[in-house]
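# Structure at a glance
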Amino acid sequence: LGVLALRGAAYMGLNKAEEAAEAYERALKADPANKTALVGLARLAITANKFDAASARIDEAVAKNPKDLDVWLFKGDFERSQGKVAESLAAYDQALALDSGNSGAHLQKADLYISTKKYGDARTALQAARKAAPNNLMIVYAMGLLEFDQGRYREALEPLQQMLRAVPDHMPSILLLGAVQYKLASYPQAEAHLMN
């Protein structure tokens, strides 16, 4: 049962969409709830810009696998890509109901809250993410982004510098630190980061 879905995933990795779709469809005939096949078909639909078809497959995957963390995370990511903030947050909440320690779901929620200017909710989500995964550097970057987005440029410096001490070539941190330095009128430092 699983072999056909895995074959579909392999074909997808090789950019052979037709063969992947065929393998996934055969997998679904053998097991209509196969999440790998359902999510794979959704990914193929996304790649082909067929977002309604993708949405239908994702909803089917959720309906047939309501206790599957990965399916809910995928739904959250898809809804987010479609600009559907409420639906995305609801999907991440479902994922967290299954695994309250999933730092990725907390981090995605924080990012959504930052983008919608719900800073208190973003901070709460980041604290939950940090509790779940204290060494996740993306949480450190997100803290810098949260401070920057609120206009708290001095507070944004430390997390971004911490991130770059750990990962010197993390481009989002380099660019954001350049923007922070610019806002603080530290123009030579800003230029050094932004021209990197």
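See the structure shown above.
To keep things clear, this report deals only with the structure shown in the data block. Position numbers for residues count from 1 along each chain, tracking the sequence in the order it is written. Local features in this predicted model are restricted to residues whose pLDDT is 70 or higher, and side-chain atom pairs enter the listing and the counts only when it is 80 or higher, whereas totals over whole chains, interfaces and linings include all residues. Side-chain metrics in this entry use all non-hydrogen atoms of the structure; hydrogen atoms and water are not considered.

### Let's talk about the packing of aromatic side chains
Aromatic rings from Phe, Tyr and Trp, with only the six-membered ring used for Trp, were paired whenever their centres fell within 6.5 Å, and each pair was classed as stacked if the ring planes differed by under 30 degrees, edge-to-face if by over 60, and tilted otherwise. Scanning the entire structure with this criterion turns up 2 aromatic pairs. Aromatic side chains Tyr 182 and Tyr 187 sit 5.4 Å apart centroid to centroid with 65° between the ring planes, which places their arrangement in the edge-to-face category.

### With respect to the packing of helix α5 (residues 69-81) against helix α6 (residues 85-98)
Here an angle of 0 to 180 degrees is reported between the N-to-C directions of two axes, which are lines fitted to C-alpha atoms, with helices fitted over the stretch in contact. Strands here mean DSSP runs of E at least two residues long; helices mean DSSP runs of H or I at least four residues long; both are numbered from the N terminus. Following both chains from N to C, one finds α5 and α6 inclined at 165°, their axes separated by 7 Å at the closest point. Relative to α6, the element α5 is oriented roughly antiparallel. Once α5 is placed against α6, the crossing between them reads as left-handed. Where α5 approaches α6, its residues Leu 69, Trp 72, Leu 73, Lys 75, Gly 76, Asp 77, Glu 79 and Arg 80 are matched on the opposing element by Glu 87, Ser 88, Ala 91, Tyr 92, Gln 94, Ala 95 and Leu 98. Counted by class, the contact of α5 with α6 contains 7 nonpolar, 3 polar and 5 charged residues. Orientation labels follow simple angle bins: below 35 degrees gives roughly parallel, above 145 gives roughly antiparallel, 65 to 115 gives roughly perpendicular, and whatever is left gives oblique. The crossing is said to be left-handed when, going from far helix to near helix, the turn is anticlockwise and less than a right angle, and right-handed when the turn is clockwise. The criterion used for residue contact is that any of the two residues' heavy atoms lie within 4.5 Å. Note that Gly is not counted as nonpolar here; it falls among the polar residues with everything else outside the nonpolar set of Ala, Val, Leu, Ile, Met, Phe, Trp, Tyr, Cys and Pro and the charged set of Asp, Glu, Lys and Arg.

### Here we look at helix α3 (residues 35-47)
Over its 13 residues, α3 runs 18 Å from end to end, which matches the ideal 18 Å to within 8%, given 1.5 Å per residue. Only protein chains enter the accessibility calculation, which uses a 1.4 Å probe. A residue is then buried if its area is under 20% of the maximum for its type, exposed if over 50%, and partly exposed in between. Along α3, the residues classified as buried are Ala 37, Leu 38, Val 39, Gly 40, Leu 41, Ala 42, Leu 44 and Ala 45. Buried residues along α3 sit against α1 (2-13), α2 (17-30), α4 (51-64) and α5. We call two N or O atoms a polar contact when they sit within 3.5 Å, provided that within protein one can donate a hydrogen and the other can accept it, with sequence-adjacent residues counted only if both atoms are side-chain atoms. For α3, the N-terminal cap is Asn 34; the gap from its side-chain oxygen to the backbone nitrogen of Thr 36 is 3.0 Å. The span expected for a helix works out to 1.5 Å for each residue beyond the first.

### Concerning the pattern of salt bridges
Just to be clear on terms, a salt bridge is a Lys or Arg side-chain nitrogen sitting within 4 Å of an Asp or Glu carboxyl oxygen. A full pass over the atoms with the stated rule returns 13 salt bridges. Measuring nitrogen to oxygen at the nearest pair gives 2.6 Å for the salt bridge that ties Asp 93 to Lys 109. Of this pair, Asp 93 sits in helix α6 while Lys 109 is found in helix α7 (residues 103-115), placing the two residues 16 residues apart along the sequence. Given a relative accessible area of 12%, Lys 109 falls into the buried group. Sharing partners across several salt bridges, the network here consists of Glu 25, Arg 57, Glu 60 and Lys 64.

### Side note on unusual backbone geometry
Phi is positive for Lys 117, which is not a glycine, with a value near 65°. With respect to the secondary-structure elements, Lys 117 resides in the loop between α7 and α8 (119-132). Phi at Ala 185 is positive, roughly 65°, even though this residue is not glycine. You can see Ala 185 is positioned in the loop between α11 (171-183) and α12 (187-194).

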